[in-house]
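# Residue-level structural notes
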Amino acid sequence: MTAPLLQLAGVTAYYGSIAALKGVDLEVGAGEIVTLIGANGAGKSTLMMTIFGSPQARDGSITYDGQDITRVPTHEIARLKIAQSPEGRRIFPRMSVLENLKMGAAINGFAHFDEDLGRVFGIFPRLKERAQQRGGTLSGGEQQMLAIARALMSRPRLLMLDEPSLGLAPLVAKQIFSVVKELNERDGLTVFLVEQNAYHALKLAHRGYVMVNGRITLSGGGRELLEKPEVRAAYLEGG
Ligand code: ATP
């Protein structure tokens, strides 16, 4: 692995008195695609939200680019060039595609807006065709593209994606994964991907982690994890 861009050490997080993260160690190296897989309720989304400060980590530390961000408030995290596309996409449904993209660009004061817009429209031509359409009327796959495109408009160094393939037809999910791969290979974008679609996500990833009940139980190379009988049995076969 290259030098870690994001590093979690012994992170715990709680909802009330219930522990959702029970001491998580995880690293994402600069230029890597790292995937976190796990069953429903394992704590994957919580982990992503904890990096963004809500819920805040109770114990342990979160370091980004050498800076301790464990207690940095959520609204300041985006300024650190970390962007996320949350589960459920959460685009602005009443705003047009273009307005949604402007929201993404607002974080860096619309610097390079035209250039960045041209770039994301190059990646997602479908969004260019639908620039004036309301976000809420896009198909599921298009909304996912918009959520990723909006995140890219802030020129992130680290892109965090929470279940980008959720609810998408297999072919559309494949397109989303291939865009992620391209962004990583071509632009060196670092990606942290949370997925239930273990096969595609691990195939794509340089490294992966498996989470069970708030703890990391396995880690290794993406393809190495795909070969492991316990991963196959729990996340691939019949799934
Ligand atoms: P999924 O794949 O189903 O989205 P996940 O791995 O992302 O699951 P989380 O959403 O992080 O899992 O949930 C971890 C645990 O924390 C679950 O038991 C869940 O019920 C609980 N939890 C999540 N959000 C809250 C909340 N706001 N209040 C209380 N408990 C919560």
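Under an unreviewed UniProt entry, the name given to the protein is ABC transporter ATP-binding protein, and the organism recorded is Hansschlegelia zhihuaiae.

Inspection of every chain in the model, using the stated rule, returns one aromatic pair. Geometrically, the ring pair formed by phenylalanine 110 and phenylalanine 113 is edge-to-face, given 5.9 Å between the ring centres and 65 degrees between the ring planes. The exposure class assigned to phenylalanine 113 is buried, which follows from its relative accessible area of 16%. Arginine 58 extends its terminal NZ or CZ atom over the ring of tyrosine 14, reaching a point 3.7 Å from the ring centre.

Okay, the packing of helix H6 (residues 140-152) against helix H7 (residues 170-187) next. Geometrically, a packed helix pair is captured by the angle between its two axes and the distance between the axes. Axis separation between H6 and H7 bottoms out at 10 Å; the angle between their running directions is 15 degrees. On the basis of their axis angle, the class for H6 and H7 is roughly parallel. The crossing of H6 and H7 is right-handed. For the pair H6 and H7, contact is made by Gly141, Gln144, Met145, Ile148 and Leu152 and by Val172, Gln175, Ile176 and Leu183, respectively. Each residue belonging to the contact of H6 with H7 can be placed in one class, and the counts come to six nonpolar, three polar and no charged.

This next bit is on the site of the ligand. Around the ligand lies a shell of 13 residues, among which Asn40, Gly41, Lys44, Ser45 and Thr46 are the nearest. Take asparagine 40: an N or O atom from its side chain is 2.7 Å from an oxygen atom of the ligand. Between the ligand and the protein, one listed contact pairs an oxygen atom with a backbone N or O atom of serine 45 at 2.8 Å. Protein contact buries 57% of the 630 Å² of open area that the ligand shows by itself. A per-element tally of the shell around the ligand places helix H1 (residues 44-51) first, with three residues. The class makeup of the residues in the shell around the ligand is four nonpolar, six polar and three charged.

The buried fraction of strand S9 (residues 207-212) is high, at five of six residues. Summarising the sheet, strand S3 (residues 33-38) and S9 pair through five bridges and their orientation is parallel. Its bridge partner being in S9, valine 34 is matched across the sheet by arginine 207. As defined by bridge partners, S9 adjoins strand S10 (residues 215-221) across six bridges and the pair is classed as antiparallel. Directly across from valine 212, in S10, lies its bridge partner arginine 215. The antiparallel hairpin formed by S9 and S10 contains two residues in its connecting segment, where asparagine 213 sits at a positive phi of about 50 degrees.

It is worth spelling out the sheet that holds strand S5 (residues 67-68) at this point. The antiparallel open sheet is built from four strands, whose spatial order is S2-S1-S4-S5. Whereas interior strands pair on both sides, the edge strands pair on one side only; in this sheet they are strand S2 (18-29) and S5. In the sheet, strand S1 (residues 4-15) pairs with S2 via nine bridges, with the strands oriented antiparallel. Within S2, the position partnered with tyrosine 15 by the bridge is isoleucine 18. Along the sheet, H1 contacts S1, S2 and strand S4 (59-64); its crossing angle with S1, the most-contacted strand, is approximately 115 degrees.

What counts and what doesn't
- Residues numbered from 1 in each chain as written.
- Predicted model: local features only at pLDDT ≥ 70, side-chain atom pairs only at ≥ 80, totals over all residues.
- Heavy atoms only, no water.
- Phe/Tyr/Trp six-rings, centres within 6.5 Å; stacked < 30°, edge-to-face > 60°.
- Buried < 20%, exposed > 50% of the residue type's maximum accessible area, 1.4 Å probe, protein only.
- Lys NZ or Arg CZ within 6 Å of the ring centre and 35° of its normal.
- Axes fitted to C-alpha atoms, helices over the stretch in contact; angles between N-to-C directions.
- Helix = DSSP H or I, 4+ residues; strand = E, 2+ residues; numbered from the N terminus.
- Parallel < 35°, antiparallel > 145°, perpendicular 65-115°, else oblique.
- Left-handed = near helix turned anticlockwise from the far one by under 90°.
- Contact = heavy atoms within 4.5 Å.
- Nonpolar A, V, L, I, M, F, W, Y, C, P; charged D, E, K, R; others polar.
- Near = heavy atom within 4 Å.
- Polar contact = N/O pair within 3.5 Å; in protein donor to acceptor, adjacent residues only side chain to side chain.
- Areas by Shrake-Rupley, 256 points an atom, 1.4 Å probe, with all protein chains shown as cover.
- Pairing = 2+ DSSP bridges.

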